[in-house]
Amino acid sequence: MESPSRRFASSVCIAVVIFHIVLVRANVLDDSATSREVIRNWLQSDCAKNRDRKDQDDKVYPSAAGVGNHQDEKDIDIVATYTDTSGVVRLGTVKSKDLSASWYWEDPVNERQDQLKSSQRLEDSSQSRVRLEEFDKSSLVELRSRDSVTQNSQMSPLNPVKLQRQASRQGRKDLRTAELLREDKENDSKVQAAAIERSKELDTTAKGRYSIWRREHENPNSDDTLKLMRDQIIMAKAYASIARAKNETYLYKSLINHFRENRRAIGEANTDSELHSSALARAKAMGNILSKAKDKLYDSINVARKLRAMVQSTENTVDALKKQSAFLIQLAAKTVPKPLNCLPLVLTTDYFLQGRQKRVVLNKKVLEDPSLYHYAIFSDNVLATSVVINSTMLHASEPEKHVFHIVTDKLSFAAMKMWFLVNSPAKVTIQVENIDDFKWLNSSYCSVLRQLESARMKEYYFKASHPSTLSDGFENLKYRNPKYLSMLNHLRFYLPEVYPKLEKILFLDDDIVVQKDLTPLWSLDMQGMVNAAVETCKESFHRFDKYLNFSHPKISENFDPNACGWAFGMNMFDLKEWRKRNMTGIYHYWQDMNEDRTLWKLGSLPPGLITFYNLTYPLDRSWHVLGLGYDPQLNQTEIDNAAVVHYNGNYKPWLELAIAKYKSYWSRYVMLDNPYLQLCHISQ
């Protein structure tokens, strides 16, 4: 007779087989042959303990027999259920004789004795199920290897090797957890330290009226009261106008009186601390009268209308002041200060009194030697020209190889000549010429001279009734500058005619300062270009459309509006290439086309951009930094590292208008101990 433990073990193995068949067929395996192999392995391995138990039970129950132990036992069909690869549930049969010895028949006898062993079998079965649930679907090879080891060595599910692996894995997890906690603590410490440092640098000082940290009256820079009084003045003007319209004489006079008192109290103050001590009391009094005016005169439509009228009037006033300011800036920029006017007068007097005009003899070979470094400066400003030459020679190597060609007008010729006769730097050659001595430069050859002699141009410059006067706006005022009437401004387009023997020449404006040696420019490979200059375009600024009228077909058909502009002030000209390409002829052609000033306004830069279009070699920006005559926000490092700095604009360094922080770059090259400068009280 079968023991209870055998019966229970048989049922468990059957359940395990059916569960494992479904698991393997549904989730892991793709062919039935593999399924059968897995089932066979599990039948042999997982029920191994049941065989042992069977042997023990045979000893306890001698009459019990396993499947197939009795000769007369019938061959019974056992039905097994599984699912194939397509998910269809199928039935299969297994002969009882084909089952291993670990299968047992159920027997209801001695159930009491089997309960103790059944509980042990149930526990073992549960462990088997847990092992099945931990089965890795993606590791069939590992499964077979494990089953093989289990079958050969009869290991228990929790063998020492597995326990060691689990312990090692848990140890690694603990180490990683500890490491992450340590890193979190370190990061927290770093963040906390950084926050403390930032808090130390935080400026909690209340600024203006927008402080949220302390009251306004505790901040010495507060302007709350000042702004209140200014607002009161605006409202007082509005209500006074309405009061007068409604014949409220008393209220009108009160508002006007308080308006004047508040104006006097404010004065030139910019903050509350600068206000008069009585300002707060006057603001309170103004508040009382405004409250009465509001109660008696307030009409939203009338007040809104009056405020709009005041805004319009203020805008007109601001516009007029802008025009006036532009005119005054132009006037101040072009008016020669008294000390600078004194200098050429004293120099001219000494030049003729000392008979210097008869003693000047220069070596003509040096002036025409193309192997030397030649500079061209066209100016009527003696002091500015001296700074250019002094700064150049201070940084130049081999000063005996440098030749300066100065061209000035008839009024400044004697003064310029006298200055460099007595103040010429050592070893350098300086030639001073009078533009009126260039007989070839006449109206029949020069387009600009011919245009300047025309009645239309004279009317443009000298007739006050012309629409380009102050009433027309300030945009055209700069084009009425006298320099546009001077041929010194256009002589740069005739360099090959002025210096026929030279091959290269460096053109310098008189409002520049040299800070480095410029001789490397003569060895520059200009790649067949005529002009070498620093480009001035930044993003959309200073491109051709800023200088030329692209609504004119002649301009739009021949030039690119986005072409990059460049600057006069420091330009290397290849005179051989100039003559070869007839650049002066190109200049004459476009200058004649612009006789009515429809292609561009007056000046030398627009015709320069046209004449040297696609023939300009771009220099590195460090060679020439511009803007010191109008832009106070230039990069200081770029200025210090520049070879040449340019005071282009109205704020020239010899004027009181000069930007203070840029003035030292120029004044360091002024010889303040010179007797002529001391006589004229020039102290830059």
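Details of the structure are given in the entry above.
Residues numbered from 1 in each chain as written. Predicted model: local features only at pLDDT ≥ 70, side-chain atom pairs only at ≥ 80, totals over all residues. Heavy atoms only, no water.

Peer 1: What am I meant to see in the sheet that holds strand β8 (residues 531-534) here?
Peer 2: Strand pairing in a sheet is mediated by backbone hydrogen bonds. Such pairs are either parallel or antiparallel. With mixed pairing, the 7 strands of this open sheet are ordered in space as β5-β4-β3-β6-β9-β8-β10. Among the strands making up the open sheet, the edge pair consists of β5 (429-434) and β10 (616-619). Each adjacent strand pair in this sheet contributes to an overall mean axis angle of 25°, direction not counted. Its contacts with the sheet place helix α14 (residues 410-422) against β4 (402-408) and β5, and it is angled at close to 165° to β5. (Pairing = 2+ DSSP bridges. Helix = DSSP H or I, 4+ residues; strand = E, 2+ residues; numbered from the N terminus. Axes fitted to C-alpha atoms, helices over the stretch in contact; angles between N-to-C directions. Contact = heavy atoms within 4.5 Å.)

Peer 1: How do you make sense of the pattern of salt bridges when you look at a structure like this?
Peer 2: Pairs can form between side chains of opposite charge whenever their charged atoms are close. Overall, the coordinates contain 9 salt bridges when judged by the stated rule. Measuring nitrogen to oxygen at the nearest pair gives 3.0 Å for the salt bridge that ties R182 to E186. With R182 and E186 both in helix α6 (residues 160-201) and 4 residues apart, the pair spans about one turn of that helix. Owing to a relative accessible area of 43%, R182 belongs among the partly exposed residues under this scheme. Residue classification places E186 among the partly exposed residues on the basis of a relative accessible area of 37%. Across the pair R492 and D509 runs a salt bridge whose closest N-O atoms are separated by 3.8 Å. Separated by 17 residues along the polypeptide, R492 in the loop between α16 (455-462) and α17 (495-498) and D509 in the loop between β6 (504-508) and β7 (512-514) bring together distant segments of the chain. (Salt bridge = Lys/Arg side-chain N within 4 Å of Asp/Glu carboxyl O. Buried < 20%, exposed > 50% of the residue type's maximum accessible area, 1.4 Å probe, protein only.)

Peer 1: I'm lost on the sheet that holds β7 in this one. Help?
Peer 2: Strand order in the open sheet made by the 3 strands is β7-β12-β11, with mixed pairing throughout. Looking along the sheet, the strands with just one partner apiece sit at the ends: β7 and β11 (624-625). As judged from the 3 bridges shared by β7 and strand β12 (residues 644-646), these two strands associate in the antiparallel manner. Paired with I512 across the two strands is H646, which belongs to β12.

Peer 1: How should the environment of D560 be read in this particular structure?
Peer 2: Among the secondary structure elements, D560 is positioned in the loop between α19 (553-556) and β9 (570-574). Beyond its immediate stretch of four places on either side in the chain, D560 contacts F544, F550 and Y613. Polar side-chain contacts of D560 include one of 3.0 Å to the backbone nitrogen of N562. (Polar contact = N/O pair within 3.5 Å; in protein donor to acceptor, adjacent residues only side chain to side chain.)

Peer 1: What is the right way to look at a nonpolar patch on the surface in this model?
Peer 2: A surface patch of nonpolar side chains, amounting to about 270 Å² of accessible area, comprises F327, L328 and L331. As for its position among the elements, L331 is in helix α10 (residues 300-334). (Patch = residues over 30% accessible without salt bridge, like charges linked within 9 Å, V, L, I, M, F, W, Y side chains within 5 Å. Areas by Shrake-Rupley, 256 points an atom, 1.4 Å probe, with all protein chains shown as cover.)

Peer 1: What's the story with the state of the cysteines in this structure? I'm lost.
Peer 2: Joining two cysteines, a disulfide is a covalent bond between their sulfur atoms. Tallied over the entire structure, the rule returns 2 disulfides. In this model C342 forms its disulfide with C680; the gap between the sulfur atoms is 2.2 Å. Classification of the bridge connecting C342 and C680 rests on its S-S torsion, roughly -70°, and on that basis the disulfide is left-handed. Of this pair, C342 sits in helix α11 (residues 338-353) while C680 sits in the segment after α25 (675-679), placing them 338 residues apart in sequence. On the accessibility criterion, C342 (22% relative accessible area) is partly exposed. Owing to a relative accessible area of 4%, C680 belongs among the buried residues under this scheme. C537 shares a disulfide with C564; S-S distance 1.7 Å. Taking the torsion about the sulfur-sulfur bond, which here is approximately -100°, the covalent link between C537 and C564 counts as left-handed. Separated by 27 residues along the polypeptide, C537 in the loop between β8 and α18 (544-547) and C564 in the loop between α19 and β9 bring together distant segments of the chain. (Disulfide = S-S within 2.5 Å.)

Peer 1: What exactly am I supposed to notice about helix α24 (residues 660-667) here?
Peer 2: Along an α-helix, a turn takes 3.6 residues, which lines up residues three or four apart on a common side. Along α24, the residues that are buried comprise Y662, Y665, W666 and S667. Buried positions along α24 lie against α13 (382-395), β7 and α23 (636-641).

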